[in-house]
Amino acid sequence: MVGFRTGLLLLVLLKAVVGYVGCPDADPSLTAWDPGHDETARVVISAGQNYLLVGSATFYSLEITGGKLVFADSGTDITLRTRSLLVGAAGELHVGSESCRYRAKAKIVLYGRSDEGEENPSFGRKFVGVDAGGTMEIHGQRKLSWTQLTKTAFAGGLPEGPIAITERSVACQPATAFRGINVLVLDPATAAQVDYGAFDTWMDWAESDRLVEFLDRIPDGFIVTMAVFAEGSVKLSSTAKDRITALGSTVISTLGFRQYWAFVAIKGDPSSAVEDTVLYSVTEDTPATIEKVFTLTDGTEFKVSAASWWSNGDKHMEMLVESVEPDTVLTLKDDVTSWQPGDVIVLASTDYNMEQAEEFQLIPCAECTTNQVKIAGKPTYTHFGEISGGVDMRGEVGLLTRNVVITAETEDSCYGNHFCEYFDYDTFGGHVKVVGGFTNVHLSGVELTKMGQQILGSYPVHFHMAGHVDEVGGYDRPAYVDELSIHHCFSRCVTIHGTHGLMVKDTVGYDTLGHCFFIEDGVEQRNTLDHNLGLVTRPGALLPTDRDLAMCKGIRTGVYGDYVPDSSECLSVSTFWIAHPNNHLINNAAAGSGDVGIWYLFHREPTGPSQGALPRFRAEHTPLGKFYNNRAHSNRRLGLMVDNGVKTTPATERNPAEYLSRMNGVRFHPHVDGDPSKPRVAAVFDGFITYKNKASAGWLRGGDIILKNCAVSDSTDITFASEGGPMGSGDEGSRQVVRNCVFVGESANRGSCQDRGDGVSWGLGADGRYRTLGRSGQYPYRAFEIYDGPVAVENSTFRNFRVTPSRPGVSALGFQLTNQFQVAVTSAVVNAKFEEVDLRVNIGTAGSKFFGALNREGDKMASFHDLDGSVSGYVGSHVFNRGNYLARNPGCVERPDWNAMICTGNYAMLFFEVEQPVTNSMALTRDEYPDNPVVLEGNLLTPGNKQKHNPVVTVDTSYTVHWDGRAPAKIKVYPGHFKKNRWVRLGFCYPPGTTFSVSYIMVNRVANSQFNWRNIPPAADLAEVDQGDGFNYYWDDSTGLLFVKVQGHYDRTGENRYSYCSDMGCERINIDATIVSDDVSDCMSAAYPKYTLLPAPGLPMVFNQHQCDSCGAQEPILLEENGVFLDVSVVSRGQSDLGLPGQPYGITVNGVSYWSGGNTWGYKVVIVDAHNGTVTANTDFNTNRDPGADATFANFLRQDAPKNSIVLVSVYGNAVRHAQDCLHALMEVGAEEPGVRMQDHAYGTSYALVGFKGGYRPNWIRQVAPPAGSGPAVIQGRIPLMY
């Protein structure tokens, strides 16, 4: 005992020296403080004042400068109410700690209006602020932040939802009552409506015949519910009465005029019948009512009821099918025993409309398992909880309540200058702001509600110009926010502004205004957002990109003059707004936004106070940080967007749009070190799940982009847009790839009819069951949209793309609609797999609603390379628009259902740039098909001083070019995707008397330089051009054709193999014509038949007759469950538990036992690399016998164990005799009080820990410390490795 007391004294002294590590309210230097309530008190806690707040208090303001305030955790709830709370230099605010979580309830309440009280110049009003030198440690109880359903939570508690049928026509009601006898047929296994009929047996005898036929069709065992609406007896035949009597009715044979009647039975079991009847009377309004309870196959009870009556001269009928149980048990993916009755959770929408998110309070549930909770009531909407078709659509469930709360008092309605024309409630909440130079800031287990303001810089959590907040900035304990519940807030969730290296993890952001997780100035880097959930992200008014259409047009204080903003400058509100690519998104969910789930955009230069912090164009060239295992669904527009920037200059007369408006033309092209002169770096988006987005699954524009391990369902088109444009200054040689992805057209996630949102229809799916359909249903869904390019689709599976009346034209592969831009002929598909797909490809039908006339250049040039024949069946073939005679040959196979042809041949592209004039269409005619010229209207619908054309061509053949007006005076011709020595001969039509200057030049588009210029001389005849190498031309004045040979002179290899241009650069022929006539330059009649050729066969067509077993994606697309986990087992047997039954002592990693051969009393420690799962250390510390083991153990954890290590600890026998400093070291890697306290081990109790040494605290950290004699302590589980 003396030794124990001595150890405790040493521990207290150690705390005084190194700072308190355990429970902050146990610090003996604190003075108990119960100041009471005074709204006029301006309190300052200065140096030397260290207070323990033991009761609730109210102040006008509170400033902690040099002193310390600690919330007592004695079981009494504490509320601190103040207009502002500032933690200044050397000040400290503590509510619990990392190793000693606050157990009682603590609340910080910010009060006051925006038009009262003074404003702090740095923090504004109504704030919790941390200034330079300040420390804020707030740590509520550890609770699971969010999880996912593993079983669907059905609307009304039934698989098909509740059914209500009345005489009123109501949206989403499955039927409406009509005069006569109404019949509802239900499947007893699912309570689903199988059929419904209404039979007017008052008006027509034939209706009785129809009723008989209807009843005869019902299978035995199905539930039949019937009721009279208005009158059903006058022409009810005896045969019909007999059929109903056979079902079990004893009333139907004597049914009288307007008699009320209701009935339910199981067909084939007359004894099951329940019926009721009431004779009609003008004064009788008592309904005939019945109800009967049935049981689904899973044990769920449901009630079927019906009623029939007249009242006050009005006729009524009602049929209802509803769950009996008033409350609902949710089955979830994770252990949710940390969630308790009284907690409030939110179920995310799993349909197109984010507003289907629902909040519920938890109630006691004796029957629940560790991964179940019971909610009060039943969902209004269905929340899907399955993996369907290979796509994980298990809806998210987030925790909203915490025991530590930061909140604000608000007014009953909007007031003042707070955009009250858009918000009818007070948006002036509180805010938490942390500025640069703070000492320590760590927030975990905190609820923030009614926070944020529609004022720039005032957000629920805001790290403002804090610089590097991790080791780079000198922080031994990097800053983080962890397990926050941010909900019903008025401006964003977490804002990272001028801050680098921040960890934001396990945070829920729900029902907020403006971008939720917001990276602001385009300079912020190395921040990590890990396992956060954002949902119901609504438009806000602060920035143009926050605004919806009404705000966009109505808020014009930032524009120049009377300029009215275009919608493209706004309409961008996103749950994750990533303004610099060098940040890390891991395991996040964007479950419903007013516009986009995850948006990567690129500031041409940093904005706001970060202006000048990076060179111009640096962000858009910087490689992507880690993107791993993220999901986005239920967004109004897109799941994932990678494109655009913001306007970085003020509004001017020339450019009147508001500062920070969304801006097109800023594109992502990552290179080593952010330097475009260095090699390209692929941006890898690894693991992306998206479904039920109204407009599109995703749009990604860039240089090299790889989207791999993705799963897309019930959303149209993932689209890549190129940054390697053929004649621009794009990222030469880049391409975009989809790899190992699953695309599902129709999943089992059918959605909910009610409140489905604008632009979403309720129509029949391919399975004959109703479902929600995005884009009003008639849109020609396609899984992947081929555009720009080159793009590639590799090892991907397409499933359940079925053509239906609700979805005509749906296909696995398609092209951008009404597309005037290029489609690279090298875009390719390989190892594709199709299951239940009616149209593998659909180029479209001219004249249809969405495809238009199919007369744009991109429409006509639609194509891709079917490398292995997994799409068309023909190895190495190309799929083209049927009307593209530039690519056709006699061997092409027609696919009229695709509006396509399948051809083999050698193909490339030509890129024309024409001037003077730019308004004419080009008719490009292949000499083998002179009767089928391809008319190209140009890439630019409103050309300036140049027009562009990008046709696909068959190489090693000849063409002529004609115009519908005077020929252009200037033409530039680039060969694109030409292999070395491949060529085409072009004959350009010009008026008689035209003279020419023709030249050749090489262009380096990256460096924007030109070289190897040479003049091209005329040839004596056309044969000389044909036999030449592209360095001469021939003018045939008899036909008006200028002939040039466009040839590739160099290879495309290595990094340039997908480039439009060669290794040497882009070759170009310049034609400068002096034209003396304005005649139309159409030489077709002169050119043909003179230059007509017989069509040459293409390459041999090789049909692939073998099933490709290895094609398609490697499923399932569940990265978190796909080989990135570490299986661990830690078993501790303290002295008091040595003889008890149970598992033997030891530590096991991935099935390998780490045992020293003997059982040394004290601590066994195994260190594992958190990146790759390698065990780096296995050692024992006998703190029971060796006094020096304490320091050795502590030094081992602090110095020897590498950063980013998993720390596995097990006690054997007794470990605390000499354990002092090592207890602190254990708390630094995740141990918590009271479990790790010495008193718990005084009698040799068991203790097991799975901890982590690194810059943050993962949510899998766990300790087990059972009372003496109740062990052993056991931790078994799977730990995700770092990505």
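Residues numbered from 1 in each chain as written. Predicted model: local features only at pLDDT ≥ 70, side-chain atom pairs only at ≥ 80, totals over all residues. Heavy atoms only, no water.

Quick rundown of the overall build of the chain? Include the residues and the values.
What the chain contains, in helices and strands, is 11 helices and 93 strands. Taken against the 2.2 N^0.38 rule, which gives 33 Å for 1283 residues, the C-alpha radius of gyration of the chain at 36 Å falls within 12% of a compact globule. If one aligns the C-alpha atoms of the chain with their principal axes, the spans along those axes are about 115 × 95 × 70 Å. Within the span of the chain, comprising 1283 residues, buried residues form 61% of the whole. The long-range fraction of contacts in the chain, counting pairs at least 24 apart against all pairs at least 6 apart in sequence, stands at 69%. Surface accessibility of the chain: about 45,700 Å² in total, with carbon and sulfur atoms responsible for 50%. If you average the places of the 107 positive and of the 145 negative side-chain charges in the chain, the two averages end up 2 Å apart. (Helix = DSSP H or I, 4+ residues; strand = E, 2+ residues; numbered from the N terminus. Rg over C-alpha atoms; globule rule 2.2 N^0.38 Å. Buried < 20%, exposed > 50% of the residue type's maximum accessible area, 1.4 Å probe, protein only. Contact = heavy atoms within 4.5 Å. Areas by Shrake-Rupley, 256 points an atom, 1.4 Å probe, with all protein chains shown as cover. Lys, Arg positive; Asp, Glu negative; His and termini not counted. Charge placed at Lys NZ, Arg CZ, Asp CG, Glu CD.)

Lay out the sheet that holds strand β29 (residues 396-399) with the relevant residues and their values.
If you walk across this open sheet you meet the six strands as β13-β29-β24-β25-β26-β23, and the pairing is antiparallel. In this open sheet, the two edge strands, each paired with only one partner strand, are β13 (146-148) and β23 (328-331). Neighbour-to-neighbour, the strand axes of the sheet open up by a mean angle of 40°, direction not taken into account. (Pairing = 2+ DSSP bridges. Axes fitted to C-alpha atoms, helices over the stretch in contact; angles between N-to-C directions.)

Describe the state of the cysteines, and please don't skip the residues or the numbers.
All told, the structure shown has 11 disulfides when counted by the stated rule. Across the disulfide from Cys 172 sits Cys 753; the S-S distance is 2.0 Å. The sign of the S-S torsion, about -85°, decides the handedness of the disulfide formed by Cys 172 and Cys 753: left-handed. Linking Cys 172 in the loop between β14 (163-166) and β15 (180-187) with Cys 753 in the loop between β56 (742-744) and β57 (761-764), this pair joins segments that are 581 residues apart in sequence. For Cys 1222, which is in no disulfide, the shortest distance to another cysteine sulfur is to Cys 23 and amounts to 17 Å. (Disulfide = S-S within 2.5 Å.)

How would you sum up the packing of aromatic side chains? Please name residues and give values.
In total, this model carries 42 aromatic pairs according to the counting rule given. On the basis of an interplanar angle of 20° and a centroid distance of 5.8 Å, the ring pair of Trp 33 and Phe 59 is categorised as stacked. Of the two residues, Trp 33 is situated in strand β1 (residues 31-33) and Phe 59 in the loop between β4 (57-58) and β5 (61-64); the sequence distance between them amounts to 26 residues. Neither residue differs from the other here; Trp 33 and Phe 59 are each classed as buried. Taken together, a centroid distance of 5.3 Å and an interplanar angle of 15° make the contact between Phe 798 and Phe 834 stacked. (Phe/Tyr/Trp six-rings, centres within 6.5 Å; stacked < 30°, edge-to-face > 60°.)

Let's hear about helix α10 (residues 1221-1228): which residues, and what values?
Residues lying three or four places apart along an α-helix face the same way, a consequence of the helix completing one turn every 3.6 residues. The element α10 is extensively covered by neighbouring structure, given that six of its eight residues are classed as buried. Those residues of α10 lying buried are Cys 1222, Leu 1223, His 1224, Ala 1225, Leu 1226 and Met 1227. One or two positions beyond α10, positive phi appears at Gly 1230, with a value near 130°.

Lay out the pairing of strand β79 (residues 995-1004) in plain terms, naming residues and giving numbers.
Among the 10 residues of β79, seven are classified as buried, and the element is accordingly described as predominantly covered. Pairing of β79 with strand β83 (residues 1066-1074), which is carried by nine bridges, proceeds in the antiparallel orientation. Residue pairing across strands places Tyr 1000 opposite Ile 1069, the latter belonging to β83. With six bridges joining them, β79 and strand β80 (residues 1009-1016) adopt antiparallel strand pairing. Among the inter-strand pairings, Val 998 is bridged to a residue of β80, identified as Ile 1016.

Tell me about the side chain of Ser 999, residues and numbers included.
Turning to its location among the elements, Ser 999 is positioned in strand β79. Overall, the relative accessible area of 7% leaves Ser 999 in the buried class. The residues touching Ser 999, leaving out its near neighbours within four places in the chain, are Trp 1013, Arg 1014, Asn 1015, Ile 1016, Arg 1068, Ile 1069 and Asn 1070.

Lay out a nonpolar patch on the surface in plain terms, naming residues and giving numbers.
The grouping of Trp 202, Met 203, Val 234 and Phe 257 at the surface amounts to a nonpolar patch, some 370 Å² of accessible area in total. Inspection of the secondary structure assignment puts Trp 202 in the loop between β16 (192-199) and α2 (205-217). (Patch = residues over 30% accessible without salt bridge, like charges linked within 9 Å, V, L, I, M, F, W, Y side chains within 5 Å. Salt bridge = Lys/Arg side-chain N within 4 Å of Asp/Glu carboxyl O.)

Summarise the nonpolar core; cite the residues concerned and give the values.
Leu 69, Phe 71, Met 136, Phe 438, Tyr 600, Phe 685 and Phe 798 are the most contacted members of the largest nonpolar core, which has 137 residues in total. Among all residues touching Phe 71, those that are not within four sequence positions of it are Asp 25, Leu 52, Leu 53, Ile 78, Leu 80, Leu 93, His 94, Val 95, Tyr 102, Ala 106 and Ile 108. Core analysis: the next-biggest nonpolar cluster, separate from the first, contains 54 residues, Ala 887, Val 953, Val 973 and Tyr 1000 among them. (Core = buried A, V, L, I, M, F, W, Y, C linked by side-chain atoms within 4.5 Å.)

Tell me about the packing of helix α9 (residues 1189-1200) against α10, residues and numbers included.
The interhelical angle for the contact between α9 and α10, taken along N-to-C directions, is 20°, at an axis separation of 7 Å. Of the possible angle classes, the one that applies to α9 and α10 is roughly parallel. In the packing of α9 onto α10, the handedness of the crossing is left-handed. Across the interface between the two elements, Asp 1190, Phe 1193, Ala 1194, Leu 1197 and Arg 1198 from α9 touch Asp 1221, Cys 1222, His 1224, Ala 1225, Leu 1226 and Glu 1228 from α10. Its residues placed into classes, the contact of α9 with α10 shows six nonpolar, one polar and four charged. (Parallel < 35°, antiparallel > 145°, perpendicular 65-115°, else oblique. Left-handed = near helix turned anticlockwise from the far one by under 90°. Nonpolar A, V, L, I, M, F, W, Y, C, P; charged D, E, K, R; others polar.)

Describe the environment of Gly 665, listing the residues and the values that go with them.
Positionally, Gly 665 belongs in the loop between β50 (662-663) and β51 (683-691). Using a relative accessible area of 39% as the deciding quantity, one classes Gly 665 as partly exposed. Sequence separation between Gly 665 and Asn 644 is 21 residues; the distance between their C-alpha atoms is 6.1 Å.

Can you break down the packing of α2 against helix α3 (residues 238-247) residue by residue, with the values?
Axis separation between α2 and α3 bottoms out at 8 Å; the angle between their running directions is 30°. Our classification of the angle between α2 and α3 gives roughly parallel. When the axes of α2 and α3 are compared, the crossing they make is left-handed. Residues Ser 208, Leu 211, Val 212, Leu 215 and Asp 216 of α2 form the contact with α3, whose own contacting residues are Thr 239, Ala 240, Arg 243, Ile 244 and Leu 247.

Hey, could you go over the environment of Pro 121 for me, with residue numbers and the actual values?
Note on placement: Pro 121 falls in the loop between β10 (106-110) and β11 (127-130). Between the C-alpha atoms of Pro 121 and Gly 501, which are 380 residues apart in sequence, the distance is 27 Å.

Tell me about the pattern of salt bridges, residues and numbers included.
A complete count under the given rule lists 75 salt bridges for this structure. The partner of Glu 1232 in a salt bridge is Arg 101, with the nearest N and O atoms 3.7 Å apart. Pair noted here: Glu 1232 is in the loop between α10 and α11 (1238-1241) and Arg 101 is in the loop between β9 (92-95) and β10, with a separation of 1131 residues, a long-range link. Just as Glu 1232 is buried, Arg 101 falls in that class too. Between Asp 1180 and Lys 1164 there is a salt bridge whose closest N-O contact spans 3.3 Å.

Go over the sheet that holds strand β19 (residues 269-278) with me, naming the residues and quoting the values.
Pairing is antiparallel in the open sheet, where five strands are placed in the order β16-β15-β17-β18-β19. Looking at strand neighbours, the two that pair on one side only are β16 and β19, the edges of this open sheet. The mean angle between the axes of side-by-side strands here comes to 15°, regardless of whether they run parallel or antiparallel. Alignment of β15 against β16, held across seven bridges, turns out to be antiparallel. Among the inter-strand pairings, Val 183 is bridged to a residue of β16, identified as Gly 197. In the packing of α2 onto the sheet, the strands contacted are β15, β16 and β17 (223-229), and the crossing angle to β16 comes to about 165°.

That's the geometry; what it means functionally is another story.
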